[in-house]
Amino acid sequence: MMPRYTYRAYGTNGALETGEISAASRGSALDVLSHRGQVAVELIESGTAAPVKWWQREVFAPGKLPVAQLALFTRELASLAKAELPIDEALRIVAVQPSIPSRLRQINADLVERVREGQSLSEALAAQAGAFPDFYWRLVRAGEAGGALGPVLDDLAILLERSAEVRAQAGSSLVYPAVLVVAAVAAVGVISGVLLPAIMPLFEDAKSTPPFLISMLAAVHDALARNWIFVLAVIGACAGALLAAARHEPSRAAIDAMLLRLPVIGRFIRERETARFSRTFAALIRNGVPVLDSVRIAGGVLSNRVFVETLRVASEEIRQGGVLSRPLERSGIFPDLFLRLAVVGEQTGHMETMHLRAAEIFEASQARQLQRLTTMITPVLTLIIGAIVGTLILSVMGAILSVNDLAMQ
């Protein structure tokens, strides 16, 4: 008896559908859905695997591979595939590379086994429980169908390396401000937890009132010491509420819409999502994926729900004979430059070139914004933190001097 799979997929009308399907393997189930015109977003084997509980997702479950690891794996595999090595041999060579992490090495071993059993590389990738993004194995499938697996893997490597580079730039830009904040919190903690308990008894013995700032910090310290269980419970409840809001689709959509309206953050998110969509869409089009499927798959790469919904509507209009640029322009969330490039691409038949150009423009704009933001934030944070810590130190020194004056009276 063939196993049954529970699926969630976008149907031909663009709506999200759920159901069950019987197939010999996960890859076969994905093939059946694809032939129906459905784009799978989740596929779970009903007989052997229970749905993952919400508290296990992205925390205890492995989830998707990090972009940097995926880029490393793809680059190694692309180099070997372009040398026309058999795919199972290429995978075995990738497995022995010292830079491959342990989890990726385990996944690679399963890929080798599946390929040796007769599955295609795209089927083996799709069977890895979400470790590889949807667009990844679909691009690989397009390369297999067109006999151009090496070039497709090379395109994927470029796409992932660029994404990893942008994330690394964002992370490195925020390191110094984060260090400043941590140092300030540590300084305030030392003053509140070490110095204040040492000097407060002196004021009590002298029956004198300490300075206002010292009294306030001491009161906060005492309140936290007495009610630390309650404080931790409140923090946990707030964290749980935020996690629940992030997993509740209407709440997540409302939060994403609010973020887009913020002055600086909104522009950064628009350009980030536009760059992601453009680069993924261009890679899909270049490798022969139809425009309708490319829009649906590229929409799955994005994280902002407003953009995802806009692309869902766009895919529905394309299915009915429309063009991509009109629903994107009507949404009002895409930058004007991107819309102009999209229109030119549709009119000239060079959609891949125009979208790739848009991705390069907005990725460069993101890098400039991050650099400018870091340049502005660092001195401002330095001044604010210096003022806070300096005020606290001066208050403590003043309190110590006042205690000495009281002792000499």
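From a predicted model like this one, the values you see are computed outputs, not experimental measurements.

Draft legend 1. Representation of the overall build of the protein chain within the structure. Looking only at helices and strands, the protein chain has 17 helices and three strands in total. A burial count over the protein chain gives 38% of its 409 residues as buried. Surface exposure of the protein chain reaches about 21,800 Å², of which carbon and sulfur atoms provide 63%.

Draft legend 2. How the structure looks around helix α13 (residues 291-299). In terms of burial, α13 is a largely internal element, seven of the nine residues being buried. Looking at α13, one finds that the buried residues are L292, S294, V295, R296, I297, A298 and G299. Those residues of α13 that are buried are in contact with β3 (39-45), α6 (134-146), α12 (263-286) and α14 (305-319).

Draft legend 3. Region of the structure containing the pattern of salt bridges. Under the definition given, this model contains 19 salt bridges. The partner of D155 in a salt bridge is R286, and the shortest N-O contact between them spans 2.6 Å. With D155 in helix α7 (residues 149-173) and R286 in helix α12, this residue pair connects regions lying 131 residues apart in the sequence. On the accessibility criterion, D155 (12% relative accessible area) is buried. Classification of R286 by relative accessible area gives partly exposed; the value is 34%. Here E309 makes a salt bridge to R312, at a shortest N to O gap of 2.9 Å. Here R312 and E309 lie together in helix α14, a separation of three residues that amounts to about one turn. Members of the salt-bridge network, linked through shared partners, are R75, K82, D154 and E161.

Draft legend 4. Region of interest: the environment of P210. When you line up the elements, P210 lands in the loop between α8 (175-206) and α9 (212-226). For the pair P210 and I400, spaced 190 residues apart in the sequence, the C-alpha separation amounts to 9.7 Å. If near-sequence neighbours (up to four positions away) are discounted, P210 is found in contact with M200, F203 and S215.

Draft legend 5. Structural context of the packing of helix α11 (residues 249-261) against α12. Axis separation between α11 and α12 bottoms out at 5 Å; the angle between their running directions is 110°. On the basis of the axis angle, α11 is roughly perpendicular to α12. Contact residues: α11 offers L259, L260 and R261, while α12 offers P263, I265, G266, I269 and R270. In the contact of α11 with α12, the residues fall into five nonpolar, one polar and two charged.

Draft legend 6. Focus on the pairing of strand β1 (residues 4-10). Burial along β1 is one-sided: Y5, Y7 and A9 are buried, and none of R4, T6, R8 and Y10, which face the opposite way, are. Note: β1 against β3, six bridges, orientation antiparallel. Bridge pairing in β3 links T6 to I44.

About the cut-offs
- Residues numbered from 1 in each chain as written.
- Predicted model: local features only at pLDDT ≥ 70, side-chain atom pairs only at ≥ 80, totals over all residues.
- Heavy atoms only, no water.
- Helix = DSSP H or I, 4+ residues; strand = E, 2+ residues; numbered from the N terminus.
- Buried < 20%, exposed > 50% of the residue type's maximum accessible area, 1.4 Å probe, protein only.
- Areas by Shrake-Rupley, 256 points an atom, 1.4 Å probe, with all protein chains shown as cover.
- Contact = heavy atoms within 4.5 Å.
- Salt bridge = Lys/Arg side-chain N within 4 Å of Asp/Glu carboxyl O.
- Axes fitted to C-alpha atoms, helices over the stretch in contact; angles between N-to-C directions.
- Parallel < 35°, antiparallel > 145°, perpendicular 65-115°, else oblique.
- Nonpolar A, V, L, I, M, F, W, Y, C, P; charged D, E, K, R; others polar.
- Pairing = 2+ DSSP bridges.

Keep in mind these numbers describe shape, not what the thing actually does.
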